[in-house]
Amino acid sequence: MATPAQLFQSFSRYPLGARLFSRAVTTRAPYFASIAPLVEELRPGRCVVTIGNRRAVRNHIGTVHAIAMCNMCELAAGLMIDSSLPRGLCWIPRGMTVRYLKKAETDLSATVEADCAFAADFRGDVVLPVRVRDTAGQVVMEADISMYVSPKKAG
């Protein structure tokens, strides 16, 4: 079975490939469809996901809702780690610590980067830092997502 990064590369060869890949991801994990994410980049060790500042993700003060940003962070981290781990390992989010630094008043981009060296023989918790930036490049939110990595169960 191909990793998400391999599928992203295959889709990206075609016009609108990133959009089609993003739609496929939200079909597989429907909750993420609520933020209408666009996977801009995906490879082992790095993922970039963007969302638009549209009515469906805004809060009562007209900024992007905190939970919409959390969703994009979890999606980016999940896709990245899924693309980085060897086939015999799986992951599950264990927790998220977030810091809201500025009002999110524009479209947003969440980036997660990690050294993939941990993936080869890792078991246990790994913390993935995700940064959410506005269109001016300002960090509006930081999230540290704890993922529990373990061997896949047989069968």
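Refer to the preceding data block for the structure.
These remarks concern the structure in this document. (Residues numbered from 1 in each chain as written. Predicted model: local features only at pLDDT ≥ 70, side-chain atom pairs only at ≥ 80, totals over all residues. Heavy atoms only, no water.)

**Some details on the side chain of N53**
Thought 1: Along the polypeptide, N53 turns up in the loop between strand 2 (46-51) and helix 3 (66-84).
Thought 2: Judged by relative accessible area, N53 falls into the buried class, the value being 16%.
Thought 3: A distance of 2.7 Å separates the side chain of N53 from the side chain of R58, its partner in a polar contact.
Thought 4: Not counting residues up to four positions away in its chain, the partners in contact with N53 are R58, V64, E105, T106 and D107. (Helix = DSSP H or I, 4+ residues; strand = E, 2+ residues; numbered from the N terminus. Buried < 20%, exposed > 50% of the residue type's maximum accessible area, 1.4 Å probe, protein only. Polar contact = N/O pair within 3.5 Å; in protein donor to acceptor, adjacent residues only side chain to side chain. Contact = heavy atoms within 4.5 Å.)

**A word on the packing of helix 1 (residues 4-12) against helix 2 (residues 17-28)**
Thought 1: In contact at an axis separation of 7 Å, helix 1 and helix 2 are set at 140 degrees when each is read in the N-to-C sense. In this view, helix 1 runs oblique relative to helix 2, as classed from their interaxial angle. Crossing hand, helix 1 versus helix 2: right-handed. Counted together, P4, L7, F8, F11 and S12 of helix 1 and G17, A18, L20 and F21 of helix 2 form the full contact between these two elements. (Axes fitted to C-alpha atoms, helices over the stretch in contact; angles between N-to-C directions. Parallel < 35°, antiparallel > 145°, perpendicular 65-115°, else oblique. Left-handed = near helix turned anticlockwise from the far one by under 90°.)

**Quick look at the nonpolar core**
Thought 1: Membership of the largest hydrophobic core comes to 40 residues, with the highest contact counts inside it found for C47, L108 and V132.
Thought 2: Sort the elements by how many residues they give to this core and helix 3 lands first, with 11 residues. (Core = buried A, V, L, I, M, F, W, Y, C linked by side-chain atoms within 4.5 Å.)

**A look at unusual backbone geometry**
Thought 1: Notably, L16 is not glycine yet its phi reads approximately 65 degrees, a positive angle.
Thought 2: Here L16 lies in the loop between helix 1 and helix 2.
Thought 3: For A36, which is not a glycine, the phi torsion comes out positive at approximately 50 degrees.
Thought 4: Structurally, A36 is set in the loop between helix 2 and strand 1 (38-43).
Thought 5: Relative accessible area serves as the criterion here: at 42%, A36 is assigned to the partly exposed category.

**Notes on the sheet that holds strand 3 (residues 89-100)**
Thought 1: Pairing is antiparallel across the open sheet formed by 6 strands, whose spatial order is 1-2-4-5-6-3. Two strands close off the open sheet at either side, each with one partner strand: strand 1 and strand 3. Neighbouring strand axes in the sheet, compared pairwise and without regard to direction, differ in orientation by 20 degrees on average.
Thought 2: With 4 bridges connecting them, strand 4 (residues 108-113) and strand 5 (residues 124-133) associate as antiparallel partners. Of the residues in strand 5, the one forming a bridge with A110 is V132.
Thought 3: Across the face of the sheet, helix 3 comes into contact with strand 1, strand 2, strand 3, strand 4, strand 5 and strand 6 (139-151) while running at roughly 40 degrees to strand 6. (Pairing = 2+ DSSP bridges.)

**A few points about helix 2**
Thought 1: Taking 1.5 Å as the rise per residue, helix 2 with 12 residues should run 16 Å; its terminal C-alpha atoms sit 17 Å apart, in good agreement.
Thought 2: Every buried residue belonging to helix 2 is among G17, F21, S22, V25 and T26, and all of these are buried.
Thought 3: Tucked into the core, helix 2 has its buried residues touching helix 1, strand 1 and helix 3. (Expected span 1.5 Å × (residues − 1).)

**Examining the environment of R43**
Thought 1: Within the element layout of this structure, R43 appears in strand 1.
Thought 2: The partly exposed category is assigned to R43, whose relative accessible area is 39%.
Thought 3: Through-space distance from the C-alpha of R43 to that of D115 is 12 Å; in sequence the pair is 72 residues apart.
Thought 4: Not counting chain neighbours up to four residues away, the residues in contact with R43 comprise A5 and M80.
Thought 5: At a separation of 3.2 Å, a polar atom in the side chain of R43 contacts the side chain of E41.

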